[in-house]
Amino acid sequence: MSQEGMEVVRYLESMPQYKKDRLAAATLDLFNRIVSQPGGRELIERKKAELRAQGRL
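Please read these numbers as outputs of a predicted model, since none were measured by experiment. (Residues numbered from 1 in each chain as written. Predicted model: local features only at pLDDT ≥ 70, side-chain atom pairs only at ≥ 80, totals over all residues. Heavy atoms only, no water.)

Novice: In this structure, what is going on with the overall build of the protein chain? I would like to understand it.
Specialist: Broken down by element type, the protein chain carries three helices and zero strands. Listing each helix as α and each strand as β along the protein chain from the N terminus yields α-α-α. In terms of C-alpha radius of gyration, the protein chain reaches 14 Å, well past the compact-globule figure of 10 Å for 57 residues. Looking at the protein chain as a whole, 9% of its 57 residues are labelled buried. Put simply, the protein chain has 11 plus and 8 minus side-chain charges, and the middle of one group is 1 Å from the middle of the other. (Helix = DSSP H or I, 4+ residues; strand = E, 2+ residues; numbered from the N terminus. Rg over C-alpha atoms; globule rule 2.2 N^0.38 Å. Buried < 20%, exposed > 50% of the residue type's maximum accessible area, 1.4 Å probe, protein only. Lys, Arg positive; Asp, Glu negative; His and termini not counted. Charge placed at Lys NZ, Arg CZ, Asp CG, Glu CD.)

Novice: Help me understand the environment of aspartate 29 in this model?
Specialist: Among the secondary structure elements, aspartate 29 is positioned in helix α2 (residues 17-36). The exposure class assigned to aspartate 29 is partly exposed, which follows from its relative accessible area of 39%. Remark: the alpha-carbon pair of aspartate 29 and lysine 48, spanning 19 residues in sequence, is separated by 18 Å.

Novice: Looking at this model, I keep getting lost on the pattern of salt bridges. Mind explaining?
Specialist: When charged atoms on two side chains of opposite charge get close, those side chains can pair. The full count for this structure, using the stated rule, is three salt bridges. The shortest N-O distance in the salt bridge between arginine 33 and aspartate 29 comes to 3.1 Å. Here arginine 33 pairs with aspartate 29, and both are found in helix α2, just four residues apart, close to one helical turn. When the shortest N-O distance is used, the salt bridge between glutamate 50 and lysine 47 registers 3.8 Å. Placement of the pair is glutamate 50 and lysine 47 together in helix α3 (residues 40-53), with a separation of three residues, close to one helical turn. (Salt bridge = Lys/Arg side-chain N within 4 Å of Asp/Glu carboxyl O.)

Novice: How should the packing of α2 against α3 be read in this particular structure?
Specialist: Contact geometry for α2 and α3: axes closest at 6 Å, N-to-C directions at 120 degrees. Looking at the two axes, α2 sits oblique to α3. Each of Phe31, Ile34 and Val35 in α2 lies in contact with α3, whose residues at this interface are Gly40, Arg41, Leu43 and Ile44. (Axes fitted to C-alpha atoms, helices over the stretch in contact; angles between N-to-C directions. Parallel < 35°, antiparallel > 145°, perpendicular 65-115°, else oblique. Contact = heavy atoms within 4.5 Å.)

Printed below as a string of structure tokens:
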């Protein structure tokens, strides 16, 4: 894992559970709004492919 990734993990470990829950809910809401739009699923798949190609996923 990259240094940046480790910093995110440490930050999340120190975060109160209620904040983690709110972050997870907001992330899921955003994902669902993107996927519900025309071309949204394809956008997500393209972004995942880009991140995999960069070794970030």
